[in-house]
Amino acid sequence: MEKDASVTKEKVRNYICEDLAFYILSKLPLKSLKRFGCVRKSWILLFENHHFMSIFRNNLISYDHSYYDDTSLLLQLTNRDLCSFSGDNFGDNFDDVIIDLPDPFKDEHPSIRVLDSGSITGILCLYTIGDLRYALWNPTTEEFKIIPQLPREFDSPYITEEVIPLGFGFDQVRNDFKLITNVLFCLQYEDIDYPEFSCEYRIYNLKSNSWRKIDKDVGFISSFYTETCQRLYMNGMCHWWVFSHDGRDITSFDLVTEEIITTHIPLEIHPDVNDDFNVAYIPLSLMVLNGSIGFISGPLDNTTFNIYILGEIGATESWTKLFTIGPLSDIRLSIGAGKKGDLFFQKEDGDIVRFNLTTQLIEELDIEGDNYSILIYKKSFQSLI
C-alpha cells in the first residue's frame, strides 16, 4: 500500500513539473524554445500541440517588448508626406499629424521617400527617386545632413551603374550611423548579345562623411526590391531580400562587425509553388512582429496570408509558421506590422486596413495615399554634426 502511494506521489510530482514547464516554455522566445527541444522529446512535439501553440502565439503578440518603448508609428503616405500615430488605438489616439518631408536638395518637385529599414534610432534616411541622392533627417530637432553623392566607379559608355539602398542603422560600438547600398554594374558591348553583371557593397559612415567599398559576396539584387519589399533594422543589424539560385534569401548585415549572415527561405514554405523560379516572385513582406523578425507570405490570389517567424538568424530550419490569416478580400499587398499584433494591408482600391492578430478584427482606416511603408519611430535629440 505504501509503495502504491509512493508511485502516485511521484506521478503527481512529474505531472506538476510538466505543467509548469509547459507554462514556462510558452513564454520563451522562439530561438530558446527550439533549442530546449533537445532536452526532452516531448518538448520537440510542442510545435504540434495546438493548445500550446495557441498560448505561445498569444504570449508572443501580447508581450510588452522593450523595442516599442516610447515609440510611435510612422506611415509614409506619398512621396512627400508622413503620418504619425501614437498609442494603440488609431481612432482614439490618432495624432492627426501629417509631417511634410523636408527638401534638403531644394528641388522644385522632389520625389522623396524614407528608407524603410526602420528608424528606432530617431534618425531617418531620406532618398530621392531616380537619381538617388541621400540625406539624414532628425524630425525631432528638424536637423538634416546631405550625404555626399556616391562616386562613380567607371567612366565608360559601356558600363552602367545602378545603386540600390539596402539598409540604414546605428553602430553602437563606434557611435556611428551607416548606410549600406548595393551597386550593380552592367557591362554591355555592341558585339555581345547578353550583358554581364557584377555587384558590390558601398557603405557611408556619418562620422567620416565618406563612402567606402567592402569586399563581401553579394547576392543578386534588382531595383524590383527598391519599391516592393521592406528592409529592416533591428538590434544593430540590417536585413533585406536577395534572389538566390533556389528562391529567396534574407541577408543580415551586422553594423558593428560588418559580417554578413544569409538565411534561406526554403521552398517547402510555399507548398502551392513547385519550382524554384516562381518562389522568388511570391509576395513576401519582411516585418518585425513584436520584437521578432519574420515575414508575411501570401498565395498568388492574395486572400490568405501565412506569417513565419525566424528563430535564429542564419538557421534556415528555425523558420516557424505561427499564423494563418484570411481569407481577406480585395487585399493588394502587405505594408508591415505595428504594435501588439497589428498588421497593415493596402486594398485594391488603395485604402489602408488594419488587421489585429489577437481580436481577428479588420478595420478600415481613413487614410489616403499612394505609396505606403511602415516605420517604428523613437524620438531622439541625436545630433547629425
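Residues numbered from 1 in each chain as written. Predicted model: local features only at pLDDT ≥ 70, side-chain atom pairs only at ≥ 80, totals over all residues. Heavy atoms only, no water.

### A short note on the overall build of the protein
Heads up, the rule is: Counting from the N terminus, the helices are the DSSP runs of H or I reaching at least four residues and the strands are the DSSP runs of E reaching at least two. Relative accessibility decides the category of a residue: with a 1.4 Å probe and only protein chains considered, values under 20% of the type maximum give buried, values over 50% give exposed, and everything between is partly exposed. We call two residues in contact whenever any of their non-hydrogen atoms come within 4.5 Å of each other. Each accessible area is a Shrake-Rupley estimate made with a 1.4 Å probe; only the visible protein chains count as cover when residues are assessed.
Within the protein, the secondary structure is distributed over 6 helices and 24 strands. Residues counted as buried form 49% of the 385 residues belonging to the protein. In the protein, the share of contacts with a sequence separation of at least 24, taken over all contacts with a separation of at least 6, comes to 51%. A total accessible area of about 19600 Å² is found for the protein, and carbon and sulfur atoms account for 51% of it.

### Things to note about unusual backbone geometry
A cis amide bond links Gly326 with the next residue in sequence, Pro327, at an omega value of 5 degrees. Along the polypeptide, Pro327 turns up in the loop between β19 (319-325) and β20 (331-337). Positive phi outside glycine occurs at Asn235, with the angle close to 50 degrees. Relative to the helices and strands, Asn235 resides in the loop between β12 (232-234) and β13 (237-244). Positive phi outside glycine occurs at Asn290, with the angle close to 45 degrees. Mapping Asn290 onto the fold places it in the loop between β16 (284-289) and β17 (292-297). By relative accessible area, which is 4% here, Asn290 ends up buried.

### Focus: the packing of aromatic side chains
Here is the rule we go by: Aromatic pairs are defined between Phe, Tyr and Trp rings, using the six-membered ring for Trp, whenever the two ring centres lie within 6.5 Å; interplanar angles under 30 degrees are classed as stacked, those over 60 as edge-to-face, and all others as tilted. We count a charge as sitting over a ring when the NZ of a lysine or the CZ of an arginine lies within 6 Å of the ring centre and within 35 degrees of the ring normal.
In total, this model carries 11 aromatic pairs according to the counting rule given. With 5.2 Å between their ring centres and 20 degrees between their planes, Phe295 and Tyr308 make a pair best called stacked. One end of the pair, Phe295, is in strand β17; the other, Tyr308, is in strand β18 (residues 305-310), with 13 residues separating them in the sequence. Under the relative-accessibility criterion, Phe295 is labelled buried at 0%. Each member of the aromatic cluster is reached from another via a ring pair, and the members are Trp241, Phe295, Tyr308 and Trp319. The cationic tip of Arg133 hangs over the ring face of Phe105; the distance from NZ or CZ to the ring centre is 4.6 Å.

### Some words on the sheet that holds strand β23 (residues 362-365)
Convention followed: For two strands to be treated as a pair, DSSP must find no fewer than two bridges joining them. In this analysis, axes come from line fits to C-alpha atoms, helices being fitted only over the stretch in contact, and the angle between any two N-to-C directions falls in the range 0 to 180 degrees.
Pairing is antiparallel in the open sheet, where 4 strands are placed in the order β20-β21-β22-β23. The outermost strands of the open sheet, each flanked by one partner alone, are β20 and β23. Direction aside, neighbouring strands of the sheet carry axes that sit 30 degrees apart on average. The sheet contact formed by strand β22 (residues 352-356) and β23 spans 4 bridges and is antiparallel. Pairing of Phe355 across the sheet is with Ile362, part of β23.

### Some remarks on the confidence of the model for the protein
Applied cut-off: Confidence scores per residue from the predictor, reported as pLDDT, run from 0 to 100.
Considering every residue of the protein, the mean pLDDT works out to 77; 75% of them sit at 70 or more. Mean pLDDT per element in the protein: helix α5 (residues 224-228) is the minimum at 44, and strand β7 (residues 143-146) is the maximum at 92. Taken as a whole, residues 91-95 scores under 50 in pLDDT and shows 9 contacts with residues more than four places along the chain or in a different chain. Scored below 50 in pLDDT, residues 222-228 makes 14 contacts in the model with residues more than four places away or belonging to other chains.

### What about the pattern of salt bridges?
Test applied: A carboxyl oxygen of Asp or Glu within 4 Å of a side-chain nitrogen of Lys or Arg is what we treat as a salt bridge.
Across all of its chains, the model carries 8 salt bridges by this definition. A salt bridge links Lys178 to Asp171; its shortest N-O distance comes to 3.1 Å. With a closest N to O distance of 3.0 Å, Lys178 and Glu258 form a salt bridge. Taken as a pair, Lys178 in strand β9 (residues 176-187) and Glu258 in the loop between β14 (247-254) and β15 (260-265) lie far apart in primary sequence, 80 residues in all. Judged on exposure class, the residue Lys178 and its partner Glu258 are both buried. Because the salt bridges share partners, they merge into one network encompassing Asp171, Arg174, Lys178, Arg212 and Glu258.

### A closer look at the environment of Lys379
Turning to its location among the elements, Lys379 is positioned in the segment after β24 (373-378). Overall, Lys379 belongs to the exposed group, its relative accessible area being 67%. Once the C-alpha coordinates of Lys379 and Ile123 are considered, the two residues, 256 residues apart in sequence, prove to be 8.4 Å apart.

### Overview of the side chain of Thr251
In this fold, Thr251 is placed in strand β14. A residue is classified by how much of its surface remains accessible, and Thr251, at 3% relative accessible area, is buried. Apart from the residues within four sequence positions on either side, Thr251 is in contact with Tyr201, Cys238, His239, Trp240, Val242, Ile260, Ile261 and Thr262.

### So, the sheet that holds strand β4 (residues 112-114)
Sheet architecture is open: 4 strands sit in the order β4-β5-β6-β7, paired in antiparallel fashion. The strands lining the two open edges of the sheet, one partner per strand, are β4 and β7. Averaged over all pairs of adjacent strands, the angle between their axes in this sheet comes to 25 degrees, without regard to strand direction. Looking at chain direction, strand β5 (residues 124-128) and strand β6 (residues 134-138) are connected through 4 bridges and run antiparallel. Bridge pairing in β6 links Tyr127 to Tyr134.

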